[in-house]
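Now for the letters of each chain:
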Amino acid sequence: MNQLNPEFRRSLTDSGFPPFIRLADDLENTPPSVGIRLNPRKPGAVPPEGARPVPWHPRAYLLDTRPEFTLDPAMHQGAYYVQDPSSMFVAEILRQILPDLPPRPRVLDLCAAPGGKSTALADLLPDGSLLVSNEYDFRRAEILKENIIKWGYPWSIVTRGDTSRFRRLPGYFDLIVVDAPCSGEGMSRKDPKAREQWSPTLVAQCASLQEEILANAAAALRPGGYLIYSTCTFNTAENEARTAPLLAPSSECARRKPSEESGLPDCGEAKAELHPGSQPPFSYCPIEVNPAWGILTEAPEPTPYPSLRFLPGRVEGEGYTVALLRKNGAADPSPAPLPAPSPRGKKQSKGAPRPAVKHPEAELLSRVPASLGARLVEYREGELAAIPAAIHPDYLALSPHLDIIHAGITLAETKGRDYLPTPSLAMCARRKPSEECAAPFPEVEVATPEALDYLRRQALTLPPGTPKGYVLLTHRPAPGAAPLPLGFVKNLGNRANNLYPAPWRILRQ
């Protein structure tokens, strides 16, 4: 039994809101949900027997029990992502608004760790769309970087820092996702810390931080762009009360009829009765839901702009609340202009590209598909990256303003005169059978026991006849599936040195 914080339980049962009264019992007496989402760019993973489809996601599954994911190489290969089914709904929202976005939108996931929403967005974005994933916390930013690399979307940039940095990029993004830090009410079934730490004071502290983050997001969003705001809480203080300042009375976003071609609704122009000369910063956009999904469309307090709530017991997922807003103003389908150089000027930030890169450029770029049109940059000391042509201008524009910890495909780490191939190069998704990101390297397929030894960062012995030098290991995510990249080793003949990153190694036996 998940014993709730008594004060939190009273806040639910005393609310007078029938769904919340029932919710208290459901949080205490039902088990947490388990879900996985398959990577469309890395096919082959198979859901466990008995898995059931997530109603709002075509490539996601609910599991009756939680397997030992750590001991499945396919997860480490990025063939699937373990994610709460409720938070997968961000992909359904993107599906609904995608027709209103530019052909290759600029997307920002502002509070992105550990990476579930970023990878879900990447699944739907057209090739060449910019995806920037940011995290404030240093440790969590490294986890985010690892998960983005494993997912294999090459048009990604991962940044670390306070959300206020994005104020230097006014109107730059077409879509911003804010999954804000919150008091964690929705995690009560699965996280003992969330149950213990809840208090009205924590709710107020989180609400203040959320207000600041939303203001930073609003500044970086272009007119006509979309803002997805979500939390893993139920209360209105961290949800409707946070979006209300961005909305004005009667600024509800009118819906046009669904397109005959797509069948999807889109968000029309706001119709508002406002004081002369005034306009709300944002318009409220209803999100289409299937009643059979069990998602709550009403708020516990009267409001013209209710968020959607995923309540455990009503849905098979953890607690999640989400709203969709659209920034008012004349929408311009052309990309926002590149920002001016950083006012700090002469001193470049750590993420800034070096002006002169003297490396075997042609040899290194031959490791990635020519279709990416990649440019070679040294974006962190000793790390060489291939930045796809589609996002190279964005990379140059963002570098002076943000602390970039990953961009494009990291090709190599320099060690003296040697260039060690990286996990990013290994994990790069194979977009076509004829375009393998790591084609210059010999490949050796390994079975699951050897794959786990590799993931534990143990030395391996490769089959006789394996060429010496760098070798790409592969593994089949399921019997009969095509092998997917696992990572690099350096074959010395009698043994192979393991190049898997030490911070990523698994410890479980």
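Residues numbered from 1 in each chain as written. Predicted model: local features only at pLDDT ≥ 70, side-chain atom pairs only at ≥ 80, totals over all residues. Heavy atoms only, no water.

A.B. asks: Just checking my understanding: could you explain unusual backbone geometry for this structure?
C.D. replies: Negative phi values dominate among residues other than glycine, just as trans dominates among peptide bonds. Put simply, A113 and P114 share a cis peptide bond, and its omega is 5°. In this structure, R457 is a non-glycine residue whose phi angle is positive, near 70°.

A.B. asks: In this structure, what is going on with empty space enclosed by the protein? I would like to understand it.
C.D. replies: Any empty space left between the atoms is revealed when a probe the size of a water molecule rolls over them. On inspection of all chains with the given rule, the structure shows four cavities of 30 Å³ or more. The space that makes up the largest cavity amounts to roughly 60 Å³. As for the largest cavity, its lining consists of I148, I149, G152, Y153, P154, H406, G408, I409, S424 and C428. Among the residues forming the lining of the largest cavity, the class breakdown is six nonpolar, four polar and no charged. Of the voids in this model, the second largest cavity is the one considered here, and its volume is about 50 Å³. Lining the second largest cavity are 13 residues; nearest its centre among them are P423, Y454, G487, F488 and Y500. Counting residues per element, the ones that place at least two in the lining of the second largest cavity are α12 (423–427) and β22 (484–491). (1 Å grid on protein atoms, 1.4 Å probe; cavity = no way out; pocket = protein on both sides within 12 Å on 5 of 7 lines; lining within 4 Å. Points joined across faces, edges and corners; volume = space filled by probe spheres on them. Nonpolar A, V, L, I, M, F, W, Y, C, P; charged D, E, K, R; others polar. Helix = DSSP H or I, 4+ residues; strand = E, 2+ residues; numbered from the N terminus.)

A.B. asks: Is there a simple way to think about the packing of aromatic side chains in this case?
C.D. replies: Think of a pair of aromatic rings as described by two things: how far the centres are apart, and how the planes are tilted against each other in angle. For the coordinates displayed, the defined rule picks out 18 aromatic pairs. On the basis of an interplanar angle of 45° and a centroid distance of 5.1 Å, the ring pair of Y284 and Y305 is categorised as tilted. In this pair, Y284 sits in strand β12 (residues 282–285) while Y305 sits in the loop between β12 and β13 (308–310), placing the two residues 21 residues apart along the sequence. A relative accessible area of 10% places Y305 in the buried class. Put simply, the rings of W56, F89, W293, F310 and Y320 pair up and form one aromatic cluster. Sitting over the ring of Y172, R106 keeps its end group 3.9 Å from the ring centre. (Phe/Tyr/Trp six-rings, centres within 6.5 Å; stacked < 30°, edge-to-face > 60°. Buried < 20%, exposed > 50% of the residue type's maximum accessible area, 1.4 Å probe, protein only. Lys NZ or Arg CZ within 6 Å of the ring centre and 35° of its normal.)

A.B. asks: How should I be thinking about the nonpolar core in this particular structure?
C.D. replies: Most often, soluble globular proteins have nonpolar side chains that are buried together. Core analysis: the biggest nonpolar cluster contains 95 residues, and F89, F173, I176, L227 and L411 have the highest contact counts within it. At six residues, helix α4 (residues 89–97) tops the list of elements feeding residues into this core. Look past the residues within four positions of L411 in its chain and what remains in contact with it is L364, L365, R367, V368, L376, L384, A385, A386, L420, P421, T422 and L425. Listed in part, the 18 residues of the second largest apolar core include M427, V444, A451 and A496. (Core = buried A, V, L, I, M, F, W, Y, C linked by side-chain atoms within 4.5 Å. Contact = heavy atoms within 4.5 Å.)

A.B. asks: I keep staring at the sheet that holds strand β23 (residues 496–498) and nothing clicks. Help me out?
C.D. replies: Pairing between sheet strands relies on hydrogen bonds along the backbone, with the strands arranged either parallel or antiparallel. Pairing within the open sheet is mixed, and its four strands lie in the order β20-β21-β22-β23. At either end of the open sheet lies a strand with only one pairing partner, and these are β20 (443–445) and β23. Averaged over all pairs of adjacent strands, the angle between their axes in this sheet comes to 40°, without regard to strand direction. Examined bridge by bridge, β22 and β23 share three bridges and lie antiparallel to one another. Bridge pairing links V489 to N498 in β23. (Pairing = 2+ DSSP bridges. Axes fitted to C-alpha atoms, helices over the stretch in contact; angles between N-to-C directions.)

A.B. asks: Help me understand the state of the cysteines, please; the structure alone is not making it clear to me.
C.D. replies: Note: disulfide means a covalent bond formed between the sulfur atoms of two cysteine side chains. Applying the stated criterion to the full structure yields zero disulfides. As a non-bridged cysteine, C232 has C182 as the owner of its nearest cysteine sulfur, 3.0 Å distant. (Disulfide = S-S within 2.5 Å.)

A.B. asks: I would appreciate a short explanation of the layout of surface pockets in the present structure.
C.D. replies: Estimates place the volume of the second largest pocket at around 430 Å³. Looking at the lining of the second largest pocket, the elements with two or more residues in it are α6 (138–151), β18 (409–415), β19 (418–421) and α12. Looking at which element gives the most residues to the lining of the second largest pocket, the answer is α6, with four residues. Class assignment for the residues of the lining of the second largest pocket results in eleven nonpolar, five polar and six charged.

A.B. asks: I tried to follow the packing of helix α5 (residues 116–124) against α6 on my own but got confused; where do I start?
C.D. replies: Axis separation between α5 and α6 bottoms out at 10 Å; the angle between their running directions is 25°. When the axes of α5 and α6 are compared, the pair comes out roughly parallel. Here α5 runs over α6; the crossing is right-handed. Residues S118, T119, A122 and D123 of α5 form the contact with α6, whose participating residues are N147, I148 and W151. Taken together, the residues of the contact of α5 with α6 sort by class into three nonpolar, three polar and one charged. (Parallel < 35°, antiparallel > 145°, perpendicular 65-115°, else oblique. Left-handed = near helix turned anticlockwise from the far one by under 90°.)

A.B. asks: Sorry if this is basic, but what is going on with α4 here?
C.D. replies: Each full turn of the α-helix corresponds to 3.6 residues, which orients residues three or four apart in the same direction. Within α4, eight of the nine residues are buried, which leaves it mostly tucked inside the rest of the structure. Taken as a whole, α4 has its buried residues at F89, V90, A91, E92, I93, L94, Q96 and I97.

A.B. asks: What's the story with the pairing of strand β1 (residues 35–38) in this structure? I'm lost.
C.D. replies: When a strand is regular, its side chains alternate between the sheet's two faces. Covered by surrounding structure in β1 are G35 and R37 together with I36 and L38, the residues of both alternating faces. In this structure, β1 lies alongside strand β4 (residues 80–82), joined through three bridges in antiparallel fashion. Looking at β4, one finds that I36 is bridged to V82.

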